[in-house]
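Observations on the three-dimensional arrangement
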Amino acid sequence: FSVTSACSGGPSTTVEGSWRTGCASTDLPYSEGFEGFGTGSGHRPSCWGVLDANGNYPYLITTHHNGAASLYFYSNSSDTILVATQRLNGNLDDLHIQFWAYCSNYGKLEVGVMTDTSDLTTFQTLFTLNGNSSTWHEYELYTDSAASVYGGFVAFRYTGTSTSSYSCYIDD
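To start, this report covers the structure provided alongside it. Computed from a predicted structure; not experimentally measured.

1. Remarks on the overall build of the chain
- Helix and strand content of the chain: 0 helices and 14 strands.
- From first element to last, N terminus to C terminus, the chain shows the α and β order β-β-β-β-β-β-β-β-β-β-β-β-β-β.
- The burial tally for the chain puts 45% of its 172 residues in the buried class.
- Total accessible area on the chain stands at roughly 7800 Å², and carbon and sulfur atoms take up 43% of it.

2. Here we look at the side chain of Ser70
- Summarising the element assignment, Ser70 is placed in strand S6 (residues 70–75).
- Only 2.5 Å separates the side chain of Ser70 from the backbone oxygen of Thr63, close enough to count as a polar contact.
- With sequence-adjacent residues up to four places away left out, Ser70 is seen in contact with Phe34, Tyr59, Leu60, Ile61, Thr63, His64, Trp136, Tyr169, Ile170 and Asp171.

3. Examining the packing of aromatic side chains
- Under the definition given, this model contains 14 aromatic pairs.
- Seen in terms of ring centroids, Tyr72 and Tyr74 are 6.4 Å apart; in terms of plane orientation they differ by 25°. Their pairing is stacked.
- On the basis of an interplanar angle of 25° and a centroid distance of 5.0 Å, the ring pair of Tyr72 and Tyr169 is categorised as stacked. Of this pair, Tyr72 sits in strand S6 while Tyr169 sits in strand S14 (residues 166–171), and the two are 97 residues apart along the sequence. Summarising the burial analysis for this pair, Tyr72 and Tyr169 share the class buried.
- Taken together, the ring pairs connect Tyr57, Tyr59, Tyr72, Tyr74, Tyr102, Trp136 and Tyr169 into an aromatic cluster.

4. A short note on unusual backbone geometry
- The step from Leu28 to Pro29 runs through a cis peptide bond, and the omega angle for that step is 0°.
- Here Pro29 is to be found in the loop between strand S2 (26–27) and strand S3 (30–31).
- A positive phi angle, near 65°, is found at Phe34, a position not held by glycine.
- With respect to the element layout, Phe34 can be found in the loop between S3 and strand S4 (49–52).
- Given a relative accessible area of 1%, Phe34 falls into the buried group.
- Despite not being glycine, Asp172 shows a phi value in the positive range, around 50°.
- Relative to the helices and strands, Asp172 resides in the segment after S14.
- Classification of Asp172 by relative accessible area gives buried; the value is 18%.

5. Remarks on the pattern of salt bridges
- Counting across every chain of the model gives 1 salt bridge.
- Among the salt bridges present, the one from Arg157 reaches Glu110, with a minimum N-O distance of 3.0 Å. You can see Arg157 sitting in strand S13 (residues 150–159) and its partner Glu110 sitting in strand S10 (residues 108–114), a full 47 residues away along the chain.
- Residue Glu110 is classed as buried on the basis of its relative accessible area, which comes to 7%.

Cut-off values and rules
- Residues numbered from 1 in each chain as written.
- Predicted model: local features only at pLDDT ≥ 70, side-chain atom pairs only at ≥ 80, totals over all residues.
- Heavy atoms only, no water.
- Helix = DSSP H or I, 4+ residues; strand = E, 2+ residues; numbered from the N terminus.
- Buried < 20%, exposed > 50% of the residue type's maximum accessible area, 1.4 Å probe, protein only.
- Areas by Shrake-Rupley, 256 points an atom, 1.4 Å probe, with all protein chains shown as cover.
- Polar contact = N/O pair within 3.5 Å; in protein donor to acceptor, adjacent residues only side chain to side chain.
- Contact = heavy atoms within 4.5 Å.
- Phe/Tyr/Trp six-rings, centres within 6.5 Å; stacked < 30°, edge-to-face > 60°.
- Salt bridge = Lys/Arg side-chain N within 4 Å of Asp/Glu carboxyl O.

Below you can see the structure in the form of structure tokens.
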């Protein structure tokens, strides 16, 4: 998973979940391969925030596109799970987001940006990936229509279905 500037120019809902605090914002370019944090329940990149309706996901798992781990989403209900990067310094309307995903069965994974991880109404969907793939696929997104504010978060929001289990992995 990586985010870079796409051009050369300049720099309420109630939410329950756990958000790591005290992490400094980071400059672009930003890249995360999900290595070095361990794998299994509770393991995820430092400084990433999580809103998890079912209490266990996402976490790092050894199924991966490259390296040793990927971020794993799973649900067998219509729960919503959201994970967000640490705060990024830069214009959210000027990003290039690249990642690999492998999503099977049903449900959807939305990729977006948000300005406040304590307010889900700030999440703006850029792309929706519906499951049912048996291989890894690369995705590249540009945030030219996203919020024109300086600083914020790239976020992945997964919503399962009540009729089937769903799993999705993101990497690189």
